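Next come the chains, spelled out residue by residue.
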Amino acid sequence: ELKVEQNPLFLSMQEGKNYTIYCNYSTTSDRLYWYRQDPGKSLESLFVLLSNGAVKQEGRLMASLDTKARLSTLHITAAVHDLSATYFCAVGPGNYQLIWGAGTKLIIKP
Amino acid sequence: DAGITQSPRHKVTETGTPVTLRCHQTENHRYMYWYRQDPGHGLRLIHYSYGVKDTDKGEVSDGYSVSRSKTEDFLLTLESATSSQTSVYFCATQGGPSYNEQFFGPGTRLTVL
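Rules of the game
Residues numbered from 1 in each chain as written. Chains lettered and ligands numbered in written order. Predicted model: local features only at pLDDT ≥ 70, side-chain atom pairs only at ≥ 80, totals over all residues. Heavy atoms only, no water. Pairing = 2+ DSSP bridges. Helix = DSSP H or I, 4+ residues; strand = E, 2+ residues; numbered from the N terminus. Axes fitted to C-alpha atoms, helices over the stretch in contact; angles between N-to-C directions. 1 Å grid on protein atoms, 1.4 Å probe; cavity = no way out; pocket = protein on both sides within 12 Å on 5 of 7 lines; lining within 4 Å. Points joined across faces, edges and corners; volume = space filled by probe spheres on them. Nonpolar A, V, L, I, M, F, W, Y, C, P; charged D, E, K, R; others polar. Disulfide = S-S within 2.5 Å. Buried < 20%, exposed > 50% of the residue type's maximum accessible area, 1.4 Å probe, protein only. Contact = heavy atoms within 4.5 Å. Buried area = accessible area lost by both parts, 1.4 Å probe. Salt bridge = Lys/Arg side-chain N within 4 Å of Asp/Glu carboxyl O. Polar contact = N/O pair within 3.5 Å; in protein donor to acceptor, adjacent residues only side chain to side chain.

### Topic: the sheet that holds strand E8 (residues 73–78) of chain B
Residues and elements named next belong to chain B.
Turning to step 1, where the next piece is worked out: Taken in spatial order, the 4 strands line up as E1-E3-E8-E7 in an open sheet, and their pairing is antiparallel. In the strand order of this sheet, the two ends are held by strand E1 (4–7) and strand E7 (64–70), each with one partner. On average, each strand axis in the sheet is tilted by 20° relative to the strand beside it, whichever way the strands run.
Turning to step 2, where the next piece is worked out: Examined bridge by bridge, E1 and strand E3 (residues 19–25) share 4 bridges and lie antiparallel to one another. Within E3, the position partnered with Ser 7 by the bridge is Arg 22.

### As for the sheet that holds strand E3 (residues 19–25) of chain A
All names here are of chain A.
Turning to step 1, where the next piece is worked out: The antiparallel open sheet is built from 5 strands, whose spatial order is E1-E3-E8-E7-E6. The sheet terminates laterally at strand E1 (4–7) and strand E6 (55–58), the two strands that pair on one side only. For this sheet, the mean inter-axis angle between neighbouring strands, taken without regard to orientation, is 15°.
Turning to step 2, where the next piece is worked out: Looking at chain direction, E3 and strand E8 (residues 71–76) are connected through 6 bridges and run antiparallel. Note that in E8 the partner of Asn 24 across the bridge is Leu 71.

### Things to note about the layout of surface pockets
Turning to step 1, where the next piece is worked out: The volume enclosed by the largest pocket comes to roughly 700 Å³.
Turning to step 2, where the next piece is worked out: In this structure, the largest pocket is lined by 32 residues; those nearest its centre are Gln 37, Pro 39, Gly 40 and Thr 86 of chain A together with Gln 37 of chain B.
Turning to step 3, where the next piece is worked out: In terms of residue count, strand E11 (residues 104–109) of chain A provides more of the lining of the largest pocket than any other element does, 4 residues in total.
Turning to step 4, where the next piece is worked out: Taken as a whole, the second largest pocket spans an internal volume of roughly 400 Å³.
Turning to step 5, where the next piece is worked out: Contributing to the lining of the second largest pocket are 20 residues, with Leu 2, Val 4, Ile 99 and Trp 100 of chain A together with Glu 59 of chain B lying nearest its centre.
Turning to step 6, where the next piece is worked out: Looking at the lining of the second largest pocket, the elements with two or more residues in it are E1 and strand E10 (99–100) of chain A together with strand E5 (42–51) of chain B.
Turning to step 7, where the next piece is worked out: Looking at the lining of the second largest pocket, its residues break down into 9 nonpolar, 6 polar and 5 charged.

### Focus: the state of the cysteines
Turning to step 1, where the next piece is worked out: Counted according to the given criterion, the structure contains 2 disulfides over all chains.
Turning to step 2, where the next piece is worked out: Disulfide partner of Cys 23 of chain A: Cys 89 of chain A, at an S-S distance of 2.0 Å. Classification of the bridge connecting Cys 23 of chain A and Cys 89 of chain A rests on its S-S torsion, roughly 80°, and on that basis the disulfide is right-handed. With Cys 23 of chain A in strand E3 and Cys 89 of chain A in strand E9 (residues 85–92), this pair connects stretches of sequence that are 66 residues apart. Summarising the burial analysis for this pair, Cys 23 of chain A and Cys 89 of chain A share the class buried.
Turning to step 3, where the next piece is worked out: Each sulfur of the disulfide joining Cys 23 of chain B and Cys 91 of chain B lies 1.9 Å from the other. Residues Cys 23 of chain B and Cys 91 of chain B are joined through a disulfide that is left-handed, its torsion about the S-S bond being -70°. Of the two residues, Cys 23 of chain B sits in strand E3 while Cys 91 of chain B sits in strand E9 (residues 87–94), which places them 68 residues apart along the sequence.
Turning to step 4, where the next piece is worked out: Given a relative accessible area of 0%, Cys 23 of chain B falls into the buried group.

### Notes on the interface of chain A and chain B
Turning to step 1, where the next piece is worked out: On the chain B side, the residues contacting the 18 residues of chain A number 21 residues.
Turning to step 2, where the next piece is worked out: Between chain A and chain B, roughly 1600 Å² of surface is buried when both sides are summed, and carbon and sulfur atoms account for 57% of that area.
Turning to step 3, where the next piece is worked out: Three residues stand out in chain A for area buried against chain B, namely Tyr 96, Gln 97 and Trp 100 of chain A, and they jointly supply 39% of the buried area on that side.
Turning to step 4, where the next piece is worked out: Here chain A is connected to chain B by 0 salt bridges.
Turning to step 5, where the next piece is worked out: The tally of links between chain A and chain B comes to 7 residue pairs in polar contact (both at pLDDT 80 or more).
Turning to step 6, where the next piece is worked out: Elements with a contribution of two residues or more to the side of chain A that touches chain B: strand E4 (31–37) and strand E5 (43–49) of chain A.
Turning to step 7, where the next piece is worked out: Element by element, the count of residues in the side of chain A that touches chain B is highest for E4 of chain A, at 4 residues.
Turning to step 8, where the next piece is worked out: A per-class count over the side of chain A that touches chain B returns 10 nonpolar, 6 polar and 2 charged.

So this is what it looks like as structure tokens:
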């Protein structure tokens, strides 16, 4: 059974700091996704990672994938308040379904 | 983003009442999904559809049924709502290759009293 674990589940940080959210998964997968969810809102796709060593960046967010370690990271550089949200990773086990992590609630204090 | 709407957006109902949630998409995506979101559980798949009249169960399908009679519509029915089904329900769609991301609707907040 494929399991996806995110850590930390909650993170409070100051603006301007750097931090990393980790996403571990238990079995082989060929694709990993990061989503963002603002309070009371829907989920928005951030990154799609499809191969070992894949790295994608958008603004202050950078995601990477290490399929051998079964690990993806979402790195936040010089955090700003607008990045406060809950971030989810999801893994595709080879069909059209996704298995989701529990989410990391990120609060960035001005 | 895919044009996905859900109706109703909010609903309060009583235990034992049947409830139907609707998802409508305008992108002609083949795959459609129903998830529920509860604190501490992330997203859990209820049912999904891989084509008209083709559906399958997800990890938390007990107490739910679905139907898809047209590409654009995917209905989720709670035959007899229970308080444990109080949740936020999201519909999602996916088109093209299997590695494409899923796109989400705005969600339906359901409260069962």
